[in-house]
Amino acid sequence: SYEEAYQAFSMILKNEVDDVQLGAFLMLLRVKEESVDELTAFVQATKDQLNLPALAVDLDWSSYAGKRKHYPWFLLSALTLAQHGYRVFMHGASGHTVNRIYTEQVLEYLGYPLCQNAQQVAEQLDQTHFAFMPLDALCPKLAEMIDYRQLFGLRSPVHTLSRLINPFDSKATLQAIFHPAYRSSHQQAAFQLGYQNSAVIK
């Protein structure tokens, strides 16, 4: 149920479970795949643990996959929106899949700082209308769990729920996914979380 999933993930985020319990939990979820209620509960538990201040954000843009064959040209769209006055907050993780180019690597190359806390996000949004925060700064426990991909050789619900966090409750969210089968669960979870406008694209 939603309540069980919320309680379980809250325990995980508070480090109240053993490593073997967490491993078993993630592996079983991978076998059965997370339901929309479970996914929604995981995201809400995460949002409640973050306890971030309110910031004015127009678009929450998640970037977690990394690029295997192409450069992340989508960054040009995000930065163009920022140049036109829209406040864009982007979050993502890097390194969990080898031989890929990740957003934060390119942003550093372009001279955009990686924010380590909400204060830096606020400053960047005020100065350039664009801010990026790595997952290990946003929620270290989720970053740790997403890196388990290399250990287990499997994706986990963290890859899905991280895209849905929308930590500053932006007016709109954008999520890019690779597997079309997850499109519906992303859309339904965003609806249950009360997000006003959410785009999920392949």
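Report on the accompanying structure. (Residues numbered from 1 in each chain as written. Predicted model: local features only at pLDDT ≥ 70, side-chain atom pairs only at ≥ 80, totals over all residues. Heavy atoms only, no water.)

1. Considerations on the overall build of the protein
- A tally of regular secondary structure across the protein gives 11 helices and 5 strands.
- Relative to the globule expectation of 17 Å for 202 residues, the C-alpha radius of gyration of the protein, 16 Å, shows essentially globular dimensions.
- Taken along the three principal axes of its C-alpha coordinates, the protein extends 45 × 35 × 30 Å.
- Within the span of the protein, comprising 202 residues, buried residues form 49% of the whole. (Helix = DSSP H or I, 4+ residues; strand = E, 2+ residues; numbered from the N terminus. Rg over C-alpha atoms; globule rule 2.2 N^0.38 Å. Buried < 20%, exposed > 50% of the residue type's maximum accessible area, 1.4 Å probe, protein only.)

2. Focus on the packing of aromatic side chains
- All told, the structure shown has 7 aromatic pairs when counted by the stated rule.
- For the pair F25 and F42, a centre-to-centre distance of 6.1 Å together with 65° between the ring planes defines the contact as edge-to-face. Of this pair, F25 sits in helix α2 (residues 19–32) while F42 sits in helix α3 (residues 36–50), and the two are 17 residues apart along the sequence.
- Classification of F25 by relative accessible area gives partly exposed; the value is 24%.
- Judged by relative accessible area, which is 1%, F42 ranks as buried.
- Joined through ring pairs, the aromatic side chains of F9, F25 and F42 make up one cluster. (Phe/Tyr/Trp six-rings, centres within 6.5 Å; stacked < 30°, edge-to-face > 60°.)

3. As for the pattern of salt bridges
- Per the counting criterion, the structure on display carries 6 salt bridges.
- A salt bridge links K32 to E38; the nearest nitrogen and oxygen atoms lie 2.9 Å apart.
- We classify K32 as partly exposed; its relative accessible area is 47%.
- When the shortest N-O distance is used, the salt bridge between K141 and E144 registers 3.2 Å. Taken as a pair, K141 and E144 lie in helix α8 (residues 140–146) at a separation of 3 residues, close to a single helical turn.
- When its relative accessible area of 13% is taken as the criterion, K141 is described as buried. (Salt bridge = Lys/Arg side-chain N within 4 Å of Asp/Glu carboxyl O.)

4. Considering the sheet that holds strand β4 (residues 172–176)
- Sheet architecture is open: 5 strands sit in the order β3-β2-β1-β4-β5, paired in parallel fashion. Bordering the open sheet on either side are β3 (130–134) and β5 (197–201), each of which pairs with just one other strand. With direction set aside, neighbouring strand axes in the sheet form an average angle of 15°.
- Of the pairings in the sheet, the one linking strand β1 (residues 59–63) to β4 comprises 3 bridges and is parallel in character. (Pairing = 2+ DSSP bridges. Axes fitted to C-alpha atoms, helices over the stretch in contact; angles between N-to-C directions.)

5. Here we look at the nonpolar core
- Counting 42 residues, the largest nonpolar core has F9, V121, L135, L142 and M145 as its most contacted members.
- For this core, the element with the most residues is α3, which contributes 6 residues.
- The contact partners of L135, leaving out residues within four places of it in the chain, are Y64, G92, A93, P140, L142, A143, I146, S162 and I165.
- With 15 residues, the next largest nonpolar core counts L59, W61, L114 and A172 among its residues. (Core = buried A, V, L, I, M, F, W, Y, C linked by side-chain atoms within 4.5 Å. Contact = heavy atoms within 4.5 Å.)

6. Topic: unusual backbone geometry
- Here the phi dihedral of N15 falls at roughly 60°; this positive angle occurs in a residue that is not glycine.
- One can find N15 in the loop between α1 (2–13) and α2.
- With a phi angle near 50°, D169 is a residue other than glycine that sits in the positive phi range.
- For D169, the location among the structural elements is in the loop between α10 (157–161) and β4.
- Accessibility expressed as a relative area gives 53% for D169, which makes it exposed.

7. Focus: the packing of α3 against helix α11 (residues 183–192)
- Close contact between α3 and α11 brings their axes to 9 Å; oriented N to C, the two are set at 55°. Viewed along their axes, α3 and α11 adopt a mutual orientation that is oblique. Remark: the crossing between α3 and α11 carries right-handed chirality. Only S185, Q188, A189 and Q192 of α11 make contact with α3, whose side of the interface consists of V36, D37, L39 and T40.
- Classifying every residue of the contact of α3 with α11 by side-chain character gives 3 nonpolar, 4 polar and 1 charged. (Parallel < 35°, antiparallel > 145°, perpendicular 65-115°, else oblique. Left-handed = near helix turned anticlockwise from the far one by under 90°. Nonpolar A, V, L, I, M, F, W, Y, C, P; charged D, E, K, R; others polar.)

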